[in-house]
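Now for the letters of each chain:
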Amino acid sequence: MDASTRFWDRIAKSYTGKPVADEASYRKKLEVTRSYLHPEAEVLEFGCGSGQTSIWHAPKVRHIRAIDSSLKMVEIARENVARAEVDNVTVEQSTIEEIDLPDQSLDAVLGLSILHLLEDKEAVIARVHRMLKPGGVFVTSTICLGDSRMHFIKLITPIGRRLGVMPLVQSFTTQELVASLNNAGFEIDHEWQPGKGKAVFIVAKKPRDEVAEIQTGRST
């Protein structure tokens, strides 16, 4: 178990017990996401935390596979799913890097409040792109610390990680995040930030015309 997983195991109960900081923005993100879902959709949420977002979207899709690296988070999410009596959400301990899923098998992937906590976001974004069917969407909500003037955050996070009081936190700008998505082959279909310093909400779409490119041998 790595240091970040131990950190999330330790704070799982207190983290998931807190109310949503910006309820209005959270609701808007849910509604936008739902507009991209359909009754036959197969969905993956990685870094699912309490499982509440998967529970909200469950009535709109066929199935959601919700994963988290923290066993404590998984236990809480399973309890919440059982309490909500939702039968189309499966919760398991795994990471986006480890999970076994075939290419072009998903209609949507949700990665909320997670990309800045990854060792290699480019590799993860590329894997998500492969997992999605043409026309599928990658929904993210990401704190972009590179946009912040609070430069001390970039200095204290490595120290906090060594002390075990903070997880891995990467610093990049919104522009860099969008570039990473574009470089992986995504098109930005929706981008919204509720306020300065807030998480950037993005819906990135895998183009449908990739099917034609693959069939004609033009895709790399």
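Before reading on, note that the structure itself is shown above.
Throughout this description, residue numbers start from 1 for each chain and increase along the sequence as written. Thresholds applied to this predicted model are a pLDDT of at least 70 for local features of residues and 80 or more for the giving and counting of side-chain atom pairs; totals over whole chains, interfaces and linings are not thresholded and use all residues. Values reported for side chains reflect all heavy atoms of the structure, with hydrogen atoms and water molecules removed beforehand.

K.L.:
Report on the packing of aromatic side chains, specifying residues and quantitative values.
P.N.:
The geometry of two aromatic rings is summed up by the distance between their centres and the angle between their planes. For this analysis, a ring pair means two rings from Phe, Tyr or Trp (six-membered ring only for Trp) whose centres lie within 6.5 Å, classed as stacked if their planes differ by under 30 degrees, edge-to-face if by over 60, and tilted for the remaining angles. Within the structure shown, the criterion is met by 4 aromatic pairs. Ring plane angle 80° and centroid distance 5.0 Å describe the contact between Phe7 and Trp8, whose orientation is recorded as edge-to-face. Exposure class is identical for Phe7 and Trp8. Each is buried. Ring geometry for Phe46 against Phe138: centres 6.2 Å apart, planes inclined by 25°, an arrangement best described as stacked. Remark: Phe138 occurs in strand 5 (residues 132-142) and Phe46 occurs in strand 1 (residues 42-46); sequence separation between them is 92 residues. The burial state of Phe46 is the same as that of Phe138; both residues are buried. Here a set of aromatic residues connected by ring pairs shows up, and it is made of Phe7, Trp8 and Tyr15. Exposure is judged per residue with a 1.4 Å probe applied to protein chains only, and the accessible area is read against the type maximum: over 50% gives exposed, under 20% gives buried, and values in between give partly exposed. Starting at the N terminus, helices and strands are each numbered in turn, a helix being any DSSP run of H or I of at least four residues and a strand any DSSP run of E of at least two.

K.L.:
A description of the packing of helix 1 (residues 3-17) against helix 4 (residues 71-84) should follow, citing residues and the corresponding values.
P.N.:
Each pair of packed helices can be described by the angle between their axes along with the distance between the axes. The axes are straight lines fitted to the C-alpha atoms, using for helices just the contacting stretch, and the angles between their N-to-C directions are given from 0 to 180°. Direction vectors running N to C along helix 1 and helix 4 enclose 35°, while the axes themselves pass 7 Å from each other. Each of Trp8, Asp9, Ala12, Lys13, Tyr15 and Thr16 in helix 1 lies in contact with helix 4, whose residues at this interface are Leu71, Lys72, Met73 and Ile76. Taken together, the residues that form the contact of helix 1 with helix 4 break down as 6 nonpolar, 1 polar and 3 charged. Every residue pair with non-hydrogen atoms within 4.5 Å of one another is taken to be in contact. Three classes are used, and their members are as follows: Ala, Val, Leu, Ile, Met, Phe, Trp, Tyr, Cys and Pro are nonpolar, Asp, Glu, Lys and Arg are charged, and the others, Gly among them, are polar.

Keep in mind these numbers describe shape, not what the thing actually does.
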